Amino acid sequence: MDFLTTSEAADYVRLGERKLYELVTSGDIPCSKVTGKWLFPRQELDLWVLSGLSRPAGMIAEDPPPIVGGSQDDLLEWTLRESGSGLASLTEGTARGVERLLRGEVIAAAVHFHSEDVAAEDSNIAALRAMPGLHDAVLVGMVRREQGLLVPPGNPKQLRSLADVLASGEQMAVRQQGAGAQMLLDVLLTRAGAGPKDLRRLEPPCLTGPDLAAAVRAGKADCGIATRAAAKSAGLDFVPLLWENFDLLMRQRSYFRPPIQALIGFLGDKRLKQRAAELTGYDAAPAGQIRFAA
């Protein structure tokens, strides 16, 4: 991220330095004080300008409802409550969350994409760049999460990989199409030279990670892919597969809305890191960072 000095920032937003200092004093412009000097992140200044964009009558987009759609996550749901943001959650999977964002039905979507052609740490950004309807997207880091196989306590079938699941023919709980965990499963099947028909699947698909964990816990399936936090919450064993980025996607005009700012502000709170450690399987280092801005 580029940081501008006071004079550079004043030139960038076409303001005098005196007016810029007034905005700094009133807290109305994004900035940070480092060793006595003010620095201004260029991406944040772009969003600040766009957040006040005026449109002719007939072009004004209604503010989306204060709902975060997309993927389910225990830490995110806790954060929505503790931040005082007033944001509700609607957990239907990554793809459905993005669809609702495009239709203006949610203010943000929690996403974790996976693709055979892109490394896990870059999949979210690659997916956004490929979406023509998200030319004004902002991707804010939430956490990195550990995904893996959820198995019964003691791992009685000694499953260590998807290859083990395929070879033994164990029944696997799966997620609905468009869920990030299902995207991951599809990638792993491709890498194993297999397809959905080679897997003994539990039907119907589980709508969330906790639903999948409950199915394994109840003995309806021998395993399934979800987060380490979901495994711990359900009292299951966990076989790690990879770490992924779990991000919040929104439009630029929503970034400076009070509910979103309350949420993003809380992402830097030490309580978030403490809660992440308690739940296990999280790395909170990316929390609150702008990872991509269109």
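Report on the accompanying structure. (Residues numbered from 1 in each chain as written. Predicted model: local features only at pLDDT ≥ 70, side-chain atom pairs only at ≥ 80, totals over all residues. Heavy atoms only, no water.)

Attention now goes to the pairing of strand β5 (residues 88–91). Sheet topology note: the strand β4 (residues 67–70)/β5 ladder contains four bridges and is parallel. When the bridges of β5 are listed, V68 appears paired with S89. A crossover links β4 with its parallel partner β5, the connecting element being helix α4 (residues 74–82), and its sense is right-handed. (Pairing = 2+ DSSP bridges. Helix = DSSP H or I, 4+ residues; strand = E, 2+ residues; numbered from the N terminus. Right-handed = clockwise from strand over helix to strand, strands pointing away.)

Time to look at the packing of aromatic side chains. Applying the stated rule across the entire model yields two aromatic pairs. Consider the rings of W78 and F266, whose centres lie 5.7 Å apart with planes at 55°: the pair is tilted. One end of the pair, W78, is in helix α4; the other, F266, is in helix α12 (residues 258–267), with 188 residues separating them in the sequence. Accessibility expressed as a relative area gives 13% for W78, which makes it buried. Here F266 falls in the buried class, since its relative accessible area comes to 6%. Centre to centre, the rings of Y255 and F256 are 4.9 Å apart; their planes meet at 80°, and the pair counts as edge-to-face. (Phe/Tyr/Trp six-rings, centres within 6.5 Å; stacked < 30°, edge-to-face > 60°. Buried < 20%, exposed > 50% of the residue type's maximum accessible area, 1.4 Å probe, protein only.)

Attention shifts here to the pairing of strand β8 (residues 171–175). Most of β8 is tucked away, with five of its five residues classed as buried. The two faces of β8 match: Q171, A173 and R175 on one face and M172 and V174 on the other face are all buried. Pairing between β8 and strand β9 (residues 200–206): four bridges, direction parallel. Considered in β9, the bridge of M172 is made with R201. At this point the chain moves from β8, through helix α8 (residues 180–191), to the parallel β9, and the crossover so formed is right-handed. As paired strands, β8 and strand β10 (residues 223–227) are joined by two bridges and run parallel to one another. Following the sheet pairing, A173 is matched in β10 by G224.

The subject of this paragraph is unusual backbone geometry. The step from E203 to P204 runs through a cis peptide bond, and the omega angle for that step is -5°. Tracing the backbone shows P204 in strand β9. Even without glycine at this site, N155 takes up a positive phi of about 45°. Of note, N155 is situated in the loop between β7 (137–151) and α7 (162–168). You will see that Q158, though not glycine, has its phi angle at about 55°, which is positive. For Q158, the location among the structural elements is in the loop between β7 and α7. A relative accessible area of 46% means that Q158 is categorised as partly exposed.

It is worth spelling out the sheet that holds strand β2 (residues 32–34) at this point. Read from one edge to the other, the open sheet built from three strands follows the order β1-β3-β2, with strand pairing classed as antiparallel. The sheet terminates laterally at β1 (3–4) and β2, the two strands that pair on one side only.

Now for the side chain of S83. Topologically, S83 is positioned in the loop between α4 and β5. Setting aside residues no more than four positions away along its own chain, S83 makes contact with A262, L263 and F266. (Contact = heavy atoms within 4.5 Å.)

Right, let's get into the packing of α4 against α12. It is at 9 Å that the axes of α4 and α12 come closest, and there the two elements cross at 115°. One element, α4, and the other, α12, form an angle in the roughly perpendicular class. Viewed along their axes, α4 and α12 form a crossing whose handedness is right-handed. Packed against α4, whose contacting residues are W78, T79, L80 and E82, the element α12 presents L263, F266 and L267 at the interface. A breakdown of the residues in the contact of α4 with α12 according to their chemical character gives five nonpolar, one polar and one charged. (Axes fitted to C-alpha atoms, helices over the stretch in contact; angles between N-to-C directions. Parallel < 35°, antiparallel > 145°, perpendicular 65-115°, else oblique. Left-handed = near helix turned anticlockwise from the far one by under 90°. Nonpolar A, V, L, I, M, F, W, Y, C, P; charged D, E, K, R; others polar.)

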